[in-house]
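Here's the letter readout for the chains.
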Amino acid sequence: MIPVRIKSITQIHQLAGLAKPNHPLISIVDVSKFSNESEVNAVVFDVYAISVKRGCNNLLYGQQKYDSDNGLMAFMSPGQVLRGEEGGLPPNLEGWMLFIHPDFLRNTQLAKTIKKYEYFEYSVNEALFLSPKEELIISGVLENIRNEYESNIDKFSQDIIVSHLETLLNYAERFYQRQFITRKITNHQVLDRLEALLDKHLKDENLILKGLPSVQYIAENLNMSGKYLSSLLKQLTGQTTQQHIHDKLIEKAKEKLSTTNLSVSEIAYQLGFEHSQSFSKLFKSKTNNSPLQFRDSFN
């Protein structure tokens, strides 16, 4: 089924069977009041959507399911697809959704800085799992936003709401960092899987044909979004996925330089580099030596 494109807050309210929104560019809705009569099974929002939900284990984002019935927080940026399974909304769905049209942020600093919050590009199974205390904090910020846009709008309204939005996003950033720590055992298993995947790829005799492993390739094989994987790795190791890939390549290059008589060009070719100059530049940036200088140190 082709997703229905939703371009406005008013359309969202109409689709959900809700009354007209109090503000045309921002709205907080109670998901338990969503109509279950709509035949629409997939939508693309041209707005930002932030949600806290419970009992939503049969909602999908892309091809992934939520993996918990507990309170969780998820983020969508304009252009992403939200899908529901056959049978409509689950009967025990609770929580709220905050919709923000990009026009509401126009001419504000948040319009630029919102892109720094990488969790807007995480997949739904990488949602933020909230503790009861964290959910109370988030709900309090939401209530401040609701009270402001339901009051008489004046020249201060946008600045005040944007300030609350920034607080909400910063709390989410903090809670995600907490989640990376509290799920440490699971996250270290991801790190082990990453190491094994890189080892396997670099041992593959077809590496010449496959080329260098990309961040997207690694993320897909670990069933994660690229952004979430890099965020997780930065928390665990201080390095991004790309830096892990480069480190593995340098390890392999050092092995070949110290144990074979292959030329630098041949080694670069075997490691998937199209140009030996690119390989030499990366090697020197990581080791402070050229490949030949490193080889000479063993002679």
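Parameters and conventions
Residues numbered from 1 in each chain as written. Predicted model: local features only at pLDDT ≥ 70, side-chain atom pairs only at ≥ 80, totals over all residues. Heavy atoms only, no water. Axes fitted to C-alpha atoms, helices over the stretch in contact; angles between N-to-C directions. Helix = DSSP H or I, 4+ residues; strand = E, 2+ residues; numbered from the N terminus. Parallel < 35°, antiparallel > 145°, perpendicular 65-115°, else oblique. Left-handed = near helix turned anticlockwise from the far one by under 90°. Contact = heavy atoms within 4.5 Å. Salt bridge = Lys/Arg side-chain N within 4 Å of Asp/Glu carboxyl O. Buried < 20%, exposed > 50% of the residue type's maximum accessible area, 1.4 Å probe, protein only. Phe/Tyr/Trp six-rings, centres within 6.5 Å; stacked < 30°, edge-to-face > 60°. Expected span 1.5 Å × (residues − 1). Arc of directions from axis to C-beta. Core = buried A, V, L, I, M, F, W, Y, C linked by side-chain atoms within 4.5 Å.

(A) Geometry of the packing of helix α3 (residues 132-150) against helix α4 (residues 157-182). Axis separation between α3 and α4 bottoms out at 9 Å; the angle between their running directions is 165°. The orientation of α3 with respect to α4, classified from their angle, is roughly antiparallel. For the crossing formed where α3 meets α4, the hand is left-handed. For the pair α3 and α4, contact is made by Glu134, Ile137, Ile138, Val141, Leu142, Asn144, Ile145, Glu148 and Tyr149 and by Ser157, Ile160, Ile161, His164, Leu165, Thr167, Leu168, Tyr171, Phe175 and Arg178, respectively.

(B) Here's a closer look at the pattern of salt bridges. Evaluated as defined, the whole model comprises 9 salt bridges. Note that Asp103 and Arg106 form a salt bridge whose closest N and O atoms lie 2.2 Å from each other. For Asp103, a relative accessible area of 34% translates into the label partly exposed. The residue Lys248 makes a salt bridge to Glu195 at a minimum N-O spacing of 3.1 Å. Taken together, the residues span a long stretch of sequence, with Lys248 in helix α9 (residues 241-259) and Glu195 in helix α5 (residues 184-203) at a distance of 53 residues. You can call Glu195 partly exposed: its relative accessible area is 26%. Taken together, the salt bridges that share partners define one network made up of Glu195, Asp199, Lys248 and Glu251.

(C) Highlighting the packing of aromatic side chains. All chains considered together, the criterion is met by 13 aromatic pairs. Ring geometry for Tyr171 versus Phe175: centroids 5.7 Å apart, planes at 25°, classification stacked. Here Tyr171 and its partner Phe175 are both found in helix α4, 4 residues apart, which amounts to about one turn of the helix. With a relative accessible area of 4%, Phe175 lands in the buried category. An angle of 70° between the planes, with centres 5.6 Å apart, marks the rings of Phe283 and Phe294 as edge-to-face. Of this pair, Phe283 sits in helix α11 (residues 276-287) while Phe294 sits in helix α12 (residues 291-296), placing them 11 residues apart in sequence. Judged by its relative accessible area of 0%, Phe283 is buried.

(D) Representation of unusual backbone geometry. The residue Asn107 is not glycine, and still its phi comes out positive at about 65°. With respect to the helices, strands and loops of the structure, Asn107 is situated in the loop between β9 (94-100) and α2 (110-113). The backbone of Asn223 shows a phi angle near 60°, a positive value even though the residue is not glycine. Here Asn223 lies in the loop between α7 (215-221) and α8 (226-237).

(E) Local environment of α3. The terminal C-alpha atoms of α3 lie 26 Å apart, and with 19 residues this matches the ideal 27 Å at 1.5 Å per residue to within 8%. Those residues of α3 that fall on the buried side of the exposure criterion are Glu134, Glu135, Ile138, Val141, Leu142, Ile145, Glu148 and Tyr149. The buried residues of α3 occupy an angular sector of 150° when the element is viewed end-on, so they sit on one face. Seen from the buried face of α3, the exposed residues on the opposite side, beyond 90 degrees, are Pro132, Lys133 and Leu136. Tucked into the core, α3 has its buried residues touching β2 (26-30), β4 (48-54), β7 (72-76), β9, β10 (128-129) and α4.

(F) Quick look at the nonpolar core. Of all hydrophobic cores here, the largest spans 63 residues; its most connected members are Ile50, Leu98 and Leu165. With 9 residues, the single largest contributor to this core is α4. In contact with Leu98, not counting residues within four places along its chain, are Ile26, Ser27, Ile28, Tyr48, Ala49, Ile50, Leu142, Ile145, Leu165 and Leu168. Counting 16 residues, the second-largest nonpolar core is a separate cluster that includes Ala16, Met76, Leu82 and Met97.

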